[in-house]
Amino acid sequence: MSDKHDIVIIGSGAGGATLAHRLAPSGLRVLVLERGDYVPREQENTDPREVFECKRYQAAETWHDRHGQPFSPYTHYCVGGNTKFYGAALLRMREHDFAEVRHYGGVSPAWPITYNELEPYYTEAEHLYSVRGLRGSDPCEPWASAPFDDAPLEPEPRIAELMQQLRATGLRPFPIPLGIRSDMAGPATAPVRLGNFDGYPDPTETKADAHVSALRPALLRPTMTLVTRARAIRLETDSAGDSIERVIVERDGERHEFRARAFVLACGAINSAALLLRSACAGHPRGLANSSGMVGRCYMSHQNGCFIAVYDRPNPSRFQKHFGLTDFYSGDPDDGHGALPLGTIQLMGRSDRGTLEWIKGDALPDQSVDSIKSRTVDFFLTAEDLPDPANRVELMPDGAVRLSYTPNNTEAYDRLVHRFTRALQEAARRAGHQPPACLTARLGISGVSHQSGTLRFGRDPRDSVLDVNCKAHDLDNLYAVDASFFPSSAAVNPSLTIMANALRVGDHLIERLGARAVACAAQEVAS
């Protein structure tokens, strides 16, 4: 609990852990605060009932929607954050995603940096997170300065067959870049058979999550410290009100305070915004870093949905998460010159019973969930969510999160569902098979896994919270490295962009604080 820190990072997920890894060799004294604890390695890790029905690892927290109605957010407080439960699909945003893009629901704004500026960090993040993939296979992938370190896993036979059927229709399925650690295999090591993956913690540690890949090696350095079960409840400024002086933390029923030269928010886009709002004071009555009034605004979470194709024959695949489709990312070619972006399609893990019941609903009334469970191929669809100032994080009177959100750009998602249904049914007919029944259900407000945009970065302090280095315009030593900095959401999983940006911000912090840190350390040794 030493108070001698150069940097305090609040949160240990994709942004916080990756930043910690970048800072570790610098000599800077870094404290990582995590409100949760380590996920235990136990039998229940891969038990669908425990994980999904009993919500064994989900945050025991209640948030409220714009009408004040309570809901349970799908989020996790633990070392490694939500990456302990993600599907490890690590895709780059496309080059044009960094520019202004017109959509069915409006316009997504340009970023204040370009793809070329972030590209070296994408490459480093892919290496750090053991991403397996195949350059040139994704039809709309951006350029990359290096190949993936490892080739994709081989698809299981049923999935390989489906890929060939889709290719016969003119589509171009490609291996999803996945964070799967290759250093787990060896001549004296038993092979790992992947199964329950998306939504599950991985006791084998084959999944490249933020804890295993970034934070754990960082903590081998003596200058790095992790404190678990430490919930940041407010940030307090110095007397001038232009920099953060300390963070107040609640741990095991006791309050502690930690001081540092710089503070970094990595709580997730929703909780980072909520922490700034809870930290309102006389000098910052609307919340910290909020002179623009933009803290909490422009929340995005993607138009996400689960899509299952029910075939008339079994799908025996144990690990089906292999390919994706971006043929419709920039639009449906069938729509001609005026086509607008639709989104991304990717396989996900096999659905548990509860998820199947939710997706099936009243469809296929003559077939039970048990009768279709072995015959599904399961997909995850993502269309872009556009930034709307009315979609925002606020606080209830008791300080709880209120998430005011109205979906937008829904036409893109609906068109993606329709176009993919056509593609699967055409592929089956061409192969001489019965076309599948296609069922879909869109995630509701509790589906916050792709949360972003609440502290957008930009060059103008009047309409953004952070500058291009992800430092708050209003405060000299406050940064953010979760997805809150996103000014637009693109239509790919946000994790890799969070990781790449954390490496970028890490370089900035080392340049800004590093020389002084080395000098201070030398002075301490001399004294």
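Whatever comes next refers back to the structure up there.
Residues numbered from 1 in each chain as written. Predicted model: local features only at pLDDT ≥ 70, side-chain atom pairs only at ≥ 80, totals over all residues. Heavy atoms only, no water.

Turning next to the overall build of the protein. If you tally the helices and strands in the protein, you get 10 helices and 22 strands. Relative to the compact-globule value of 24 Å for 527 residues, the protein shows a C-alpha radius of gyration of 23 Å, a close match. With 527 residues in all, the protein has 58% of them scored as buried. Expressed as a percentage of contacts within the protein between residues at least 6 apart in sequence, the contacts between residues at least 24 apart total 73%. Averaging the positions of the 57 positive and the 66 negative side-chain charges in the protein gives two centres separated by 1 Å. (Helix = DSSP H or I, 4+ residues; strand = E, 2+ residues; numbered from the N terminus. Rg over C-alpha atoms; globule rule 2.2 N^0.38 Å. Buried < 20%, exposed > 50% of the residue type's maximum accessible area, 1.4 Å probe, protein only. Contact = heavy atoms within 4.5 Å. Lys, Arg positive; Asp, Glu negative; His and termini not counted. Charge placed at Lys NZ, Arg CZ, Asp CG, Glu CD.)

Time to look at helix α6 (residues 269-278). Among the 10 residues that make up α6, nine are buried, leaving the element largely enclosed by the rest of the structure. By the burial criterion, the buried members of α6 are A269, I270, N271, S272, A273, A274, L275, L276 and L277.

Once that is clear, we can look at the nonpolar core. I7, I9, L33, Y129, L235, V247 and L478 are the most contacted members of the largest nonpolar core, which has 110 residues in total. At nine residues, the largest contribution of residues to this core is made by helix α10 (residues 495-526). By size, the runner-up hydrophobic cluster in this structure holds 26 residues, among which are I345, F379, F420 and L424. (Core = buried A, V, L, I, M, F, W, Y, C linked by side-chain atoms within 4.5 Å.)

This part covers the packing of aromatic side chains. According to the stated counting rule, one finds 18 aromatic pairs in the structure shown. Taking the centre distance of 5.1 Å and the plane angle of 85° together, the rings of F52 and Y200 count as edge-to-face. With F52 in helix α2 (residues 48-53) and Y200 in the loop between β9 (178-179) and α5 (210-218), this pair connects stretches of sequence that are 148 residues apart. The partly exposed category is assigned to F52, whose relative accessible area is 24%. Exposure remark for Y200: the relative accessible area of 3% places this residue in the buried category. Between the aromatic rings of Y57 and F85, the centroid separation amounts to 5.7 Å while the plane-to-plane angle is 40°, which identifies the pairing as tilted. (Phe/Tyr/Trp six-rings, centres within 6.5 Å; stacked < 30°, edge-to-face > 60°.)

Summarising the element assignment, H302 is placed in the loop between α6 and β15 (303-310). Within the structure, the side chain of H302 is placed 2.8 Å from the side chain of H450, a separation counted as a polar contact. Reaching out from H302, the side chain makes a polar contact with the backbone oxygen of S489 at a distance of 2.9 Å. If sequence neighbours within four positions are ignored, H302 has contacts with T382, A383, E384, D385, Y405, H450, S489, A490, A491, V492 and P494. (Polar contact = N/O pair within 3.5 Å; in protein donor to acceptor, adjacent residues only side chain to side chain.)

Notably, A289 is not glycine yet its phi reads approximately 60°, a positive angle. Within the element layout of this structure, A289 appears in the loop between α6 and β15. The backbone of N409 shows a phi angle near 55°, a positive value even though the residue is not glycine. Checked against the element boundaries, N409 lands in the loop between β20 (401-404) and α9 (410-430).

Taken as a whole and assessed by the stated rule, the structure comprises 41 salt bridges. Of the charged contacts, one joins E61 and R35 as a salt bridge, the two residues approaching to 3.1 Å between their closest N and O atoms. In this pair, E61 sits in the loop between α2 and β3 (63-65) while R35 sits in the loop between β2 (30-33) and α2, placing the two residues 26 residues apart along the sequence. Judged by relative accessible area, which is 26%, R35 ranks as partly exposed. As a salt-bridge pair, K321 and D198 come within 3.0 Å of each other at their nearest N and O atoms. Highlighted residues: K321 in the loop between β15 and β16 (323-325) and D198 in the loop between β9 and α5, separated in sequence by 123 residues. Both residues of the pair, K321 and D198, belong to the buried class. It is possible to trace a salt-bridge network through shared partners that takes in R234, E236, E245, R246, E257 and R259. (Salt bridge = Lys/Arg side-chain N within 4 Å of Asp/Glu carboxyl O.)

A word on the sheet that holds strand β14 (residues 262-265). Sheet architecture is open: five strands sit in the order β10-β2-β1-β14-β22, paired in parallel fashion. Strands with a single pairing partner mark the edges of an open sheet, and in this sheet they are β10 (224-227) and β22 (478-480). On average, each strand axis in the sheet is inclined to that of its neighbour by 20°, with strand direction left out of account. Pairing of strand β1 (residues 7-10) with β2 involves four bridges; the strand directions are parallel. Across the sheet, the residue bridging to I7 is V30, located in β2. (Pairing = 2+ DSSP bridges. Axes fitted to C-alpha atoms, helices over the stretch in contact; angles between N-to-C directions.)

A few words now on the packing of helix α4 (residues 157-168) against α9. Orientation of α4 relative to α9, taken along the N-to-C sense of each, is 95°, at an axis distance of 8 Å. On the basis of the axis angle, α4 is roughly perpendicular to α9. The residues of α9 that touch α4, namely those facing L162, Q165, L166 and A168, are A423, L424, A427 and R430. Of the residues assigned to the contact of α4 with α9, the class counts are six nonpolar, one polar and one charged. (Parallel < 35°, antiparallel > 145°, perpendicular 65-115°, else oblique. Nonpolar A, V, L, I, M, F, W, Y, C, P; charged D, E, K, R; others polar.)

Quick look at the sheet that holds strand β17 (residues 344-347) now. An order of β8-β16-β17-β18-β15-β21 is seen for the six strands of this open sheet, with the pairing classed as antiparallel. Single-partner strands in this sheet number two, and they are β8 (174-175) and β21 (437-442). In this structure, β15 lies alongside strand β18 (residues 376-383), joined through eight bridges in antiparallel fashion. From the neighbouring strand, F307 faces β18, where its bridge partner is F379. The strands touched by α4 are β16, β17 and β18; relative to β16, the strand with the most contacts, the crossing angle is about 25°. Across the sheet, α9 touches β15, β16, β17, β18 and β21, and the angle it forms with β15 is around 20°.

A few words now on the packing of helix α1 (residues 14-23) against α5. Packing of α1 against α5 leaves a shortest axis separation of 8 Å and a crossing angle of 35°. Note on packing geometry: the crossing formed by α1 with α5 is left-handed. Residues A14, A17, T18, A20 and H21 of α1 form the contact with α5, whose own contacting residues are A210, S213, A214, L215, P217 and A218. The residue makeup of the contact of α1 with α5, split by class, is eight nonpolar, three polar and no charged. (Left-handed = near helix turned anticlockwise from the far one by under 90°.)

This paragraph deals with the pairing of β20. Each regular strand displays side chains that alternate between the two surfaces of the sheet. Alignment of β3 against β20, held across two bridges, turns out to be parallel. Opposite H64, over in β20, you have R402 as the bridge partner. Pairing of strand β19 (residues 392-395) with β20 involves four bridges; the strand directions are antiparallel. Within β20, the position partnered with V393 by the bridge is L403. Two successive antiparallel strands, β19 and β20, enclose a turn made up of five residues, where G399 displays a positive phi of approximately 90°.

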